[in-house]
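Residue-level structural notes
Spelled out, the chains give:
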Amino acid sequence: MALLRSTITSLHTASRNAFTLNSIRSLSVGQPRHKPSTNVGFIGLGNMGGPMAVNLLNKGHSIVVYDVSSEAVKRLEDEGAVAAASPSEVASKVDRIISMLPNSQHVRSCYGGDKGVFQSIRPGTLILDSSTIDPSVSKEMASLASKKGAVFMDAPVSGGVNAAAGATLTFMVGGEEKEFVAAKELLSVMGKNIVYCGEVGNGQAVKICNNMLLAITMIGTAETMNLGMRLGLEPKLMASIINTASGRCWASEVYNPVPGVLENVPASNDYQGGFGTALMTKDLGLVQGAATATHSPTPMGSLAHQIYRMMCNSGLAEKDFSSVYQFLQENNNNK
């Protein structure tokens with residue numbers, strides 16, 4: 001009889017505990033959250049990073065941001081982001097970090113320098129670096145992250161400023177395959193094509209190869225449009241024919257370098273915004289380094305690098321890389 005009473009008491013206790021637990025869960029799910037938890041960090045709020053961060057906010061993510069430009073940070077604060085004073089502060093508050101920085105040295109400084117991410121990173125943090133840098137630097141950062149119990153993946157992008165604003169970027173991701181699902185979930189907020197490329201550094205390898213081809217085709221498009229106009233052709237007509245013929249390419253159809261041919265591209269805004277000539281020059285330098293290391297002949301890539309270097313020295317460094325058309329025009333006018 002005592003055993004029966006003990007069993008009944010235990011059942012009642014278990015029932016109450018289950019009811020209490022279920023009630024707590026129901027209340028937790030049903031309670032409105034006045035301020036979502038801040039769990040994504042974003043470092044680098046330039047022409048590409050700024051719109052990418054805004055897309056995260058628009059999709060309901062709460063983010064902590066950092067940039068060397070206080071104006072860029074203020075713009076994101078106005079959108080609802082939380083500002084941090086350093087990459088280290090960002091890392092101390094989040095478990096996922098996205099970075100979009102100009103070059104390899106900036107990435108090294110952001111992650112490994114004083115007040116860098118690795119100073120205060122939490123174990124288990126997922127890092128997605130969308131900068132375009134030397135593949136070897138991505139591998140270096142992945143090794144340092146691993147020592148901190150974190151995961152570093154390279155995830156450079158293609159698509160330009162319009163795609164960044166429209167959340168239609170292509171991400172080329174390198175890293176541990178088992179981490180790709182988590183990476184894809186976050187990157188899909190900012191892009192439509194999330195492609196796994198293999199081990200860390202492979203995303204960067206794909207990106208610099210893509211940018212070499214982009215630079216070459218942009219120069220070719222600018223030369224072609226310039227020649228056609230000097231032969232008396234109207235630029236919009238010429239572009240429309242090219243884009244239905246075998247010369248069609250992204251540079252001619254989506255990002256034409258001639259002012260007035262397309263709206264909402266840098267060429268029709270005095271080459272402001274977009275992907276800067278200095279950045280394209282930097283990427284082509286990475287290409288040449290990779291070509292030398294792998295003994296790969298890249299004569300057109302090498303020539304494109306020389307042309308973009310000359311553009312930087314001609315006052316076009318801060319203008320969009322499609323200003324190669326302006327560069328050709330100015331050279332023609334000087335003859």
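Residues numbered from 1 in each chain as written. Predicted model: local features only at pLDDT ≥ 70, side-chain atom pairs only at ≥ 80, totals over all residues. Heavy atoms only, no water.

Topic: the UniProt feature "active site" (unreviewed entry) in the protein
- Feature annotation in UniProt places "active site" (unreviewed entry) on Lys207, given in this structure's numbering.
- By secondary structure assignment, the location of Lys207 is in helix H9 (residues 202-230).
- Using a relative accessible area of 6% as the deciding quantity, one classes Lys207 as buried.
- The contact partners of Lys207, leaving out residues within four places of it in the chain, are Thr132, Pro156, Val157 and Met172. (UniProt positions renumbered as here; feature names shortened; annotations may be inferred. Helix = DSSP H or I, 4+ residues; strand = E, 2+ residues; numbered from the N terminus. Buried < 20%, exposed > 50% of the residue type's maximum accessible area, 1.4 Å probe, protein only. Contact = heavy atoms within 4.5 Å.)

Focus: the pairing of strand E9 (residues 191-198)
- Of the strand pairs in this sheet, strand E8 (residues 169-174) and E9 are connected by 6 bridges, and their pairing is parallel. What sits directly across from Leu169, in E9, is Gly191. (Pairing = 2+ DSSP bridges.)

Brief notes about the layout of surface pockets
- Of the pockets and cavities examined, the second largest pocket occupies roughly 160 Å³.
- What lines the second largest pocket is simply Ala205, Ile208, Cys209, Met212, Val287, Ala290, Ala291, Thr294, Ser296 and Thr298.
- When contributions to the lining of the second largest pocket are tallied by element, the ones reaching two or more residues are H9 and helix H12 (277-293).
- Considering every element that reaches the lining of the second largest pocket, the biggest residue donor is H9, with 4 residues.
- Of the residues assigned to the lining of the second largest pocket, the class counts are 7 nonpolar, 3 polar and no charged. (1 Å grid on protein atoms, 1.4 Å probe; cavity = no way out; pocket = protein on both sides within 12 Å on 5 of 7 lines; lining within 4 Å. Points joined across faces, edges and corners; volume = space filled by probe spheres on them. Nonpolar A, V, L, I, M, F, W, Y, C, P; charged D, E, K, R; others polar.)

A closer look at the packing of aromatic side chains
- Taken as a whole and assessed by the stated rule, the structure comprises 6 aromatic pairs.
- Geometrically, the ring pair formed by Phe180 and Tyr196 is tilted, given 5.3 Å between the ring centres and 50 degrees between the ring planes. Highlighted residues: Phe180 in helix H8 (residues 180-187) and Tyr196 in strand E9, separated in sequence by 16 residues.
- Under the relative-accessibility criterion, Tyr196 is labelled partly exposed at 27%.
- Residues Phe275 and Phe321 carry aromatic rings whose centres are separated by 5.9 Å and whose planes lie at 75 degrees to one another, so their mutual orientation is edge-to-face. Of this pair, Phe275 sits in the loop between helix H11 (250-253) and H12 while Phe321 sits in the loop between helix H13 (299-316) and helix H14 (324-333), and the two are 46 residues apart along the sequence.
- One aromatic cluster in this structure is built from Trp250, Tyr255, Phe275 and Phe321. (Phe/Tyr/Trp six-rings, centres within 6.5 Å; stacked < 30°, edge-to-face > 60°.)

A short note on the packing of H9 against H13
- Where H9 meets H13, the closest approach of the two axes is 9 Å, and the angle between their N-to-C directions is 70 degrees. As the angle between them shows, H9 and H13 are arranged roughly perpendicular. Viewed along their axes, H9 and H13 form a crossing whose handedness is left-handed. Counted together, Met212, Ala215, Ile216, Met218 and Ile219 of H9 and Met300, Gly301, Ala304, Ile307 and Tyr308 of H13 form the full contact between these two elements. (Axes fitted to C-alpha atoms, helices over the stretch in contact; angles between N-to-C directions. Parallel < 35°, antiparallel > 145°, perpendicular 65-115°, else oblique. Left-handed = near helix turned anticlockwise from the far one by under 90°.)

Considerations on the pattern of salt bridges
- In this structure the tally under the stated criterion is 9 salt bridges.
- Lys93 is the partner of Glu89 in a salt bridge, and the nearest nitrogen-oxygen pair spans 2.9 Å. One end of the pair is Glu89 and the other is Lys93, both in helix H4 (residues 87-93) and 4 residues apart, which spans about a single turn.
- Here Asp283 ties to Lys282 by a salt bridge, and the two come within 2.8 Å at their closest N and O atoms. (Salt bridge = Lys/Arg side-chain N within 4 Å of Asp/Glu carboxyl O.)

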